[in-house]
Amino acid sequence: MSADSPQSGPPRGLRWFFRLPGALYRRRLGWVLDHRFLQVTHRGRKSGRVYQTVLEVIWHDPRTRESIVVSGWGTRADWYRNVRAGGALEVQVGRERYVPRCRLLPPEEAAAVATFFVAAHPLEAPIALWVLRRLGWTAEPESAGPAATLATIPMVAFQPE
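Conventions and cut-offs
Residues numbered from 1 in each chain as written. Predicted model: local features only at pLDDT ≥ 70, side-chain atom pairs only at ≥ 80, totals over all residues. Heavy atoms only, no water. Pairing = 2+ DSSP bridges. Helix = DSSP H or I, 4+ residues; strand = E, 2+ residues; numbered from the N terminus. Axes fitted to C-alpha atoms, helices over the stretch in contact; angles between N-to-C directions. Core = buried A, V, L, I, M, F, W, Y, C linked by side-chain atoms within 4.5 Å. Buried < 20%, exposed > 50% of the residue type's maximum accessible area, 1.4 Å probe, protein only.

Asks: Before we move on, can you summarise the sheet that holds strand β6 (residues 100–104) with the specific residues and values?
Replies: An order of β5-β4-β1-β2-β3-β7-β6 is seen for the seven strands of this open sheet, with the pairing classed as antiparallel. Looking at the sheet topology across the chains shown, the edges are occupied by β5 (96–98) and β6. Pairs of neighbouring strands in the sheet enclose a mean axial angle of 30°, with direction left out of account. One ladder, built from three bridges, connects strand β1 (residues 37–43) with strand β4 (residues 90–93); its direction is antiparallel. Across the sheet, the residue bridging to Q39 is Q92, located in β4.

Structure representation (structure tokens):
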């Protein structure tokens, strides 16, 4: 499946799971998630409204404080399109808040991050692949592993200015 055409939302059985990190951030408990999830505040590219989206972090560098996330719904995800059009207003990672510098990862860097994630999280990698396939992502050939599948998904890096 291409980077702009995964299914429109999570399967019904997984929706509660995808909403859990957002519920924690809304209750000011985002710190419980440490650096595994972040909340990005962004402005709608058409509406001008302010939105907050919680995303899973697949790589965090404590030295530079850079966090990398994937757009599970590809280039059609509203948060991705909003950040791409106007940047992010704020990022919250745990208890830390900052105005971020945003960048879209080129394919070579995305592949390296995906490989690192799979190596660093050997128990989570098969689960991540299962979730990604439920969202409609597959890498060629069909037998490709989690890193190959993950590398095909758009990635965004956030770092304090």
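Asks: Can you lay out the nonpolar core for me, pointing to particular residues and giving the numbers?
Replies: Generally speaking, nonpolar side chains in soluble globular proteins are found buried as a group. One finds L38, V40, V69, W79 and F158 to be the most contacted residues of the largest nonpolar core, which totals 15 residues. Going through the elements one at a time, β1, β2 (50–61), α2 (78–86), β4 and β7 (155–160) are the ones with two or more residues in this core. It is α2 that provides the largest number of residues to this core, a total of three residues.

Asks: If you had to explain the side chain of D61 to someone new, which residues and values would you point to?
Replies: By the secondary structure assignment, D61 is in strand β2. Residue class for D61 comes out buried when judged on its relative accessible area of 13%.

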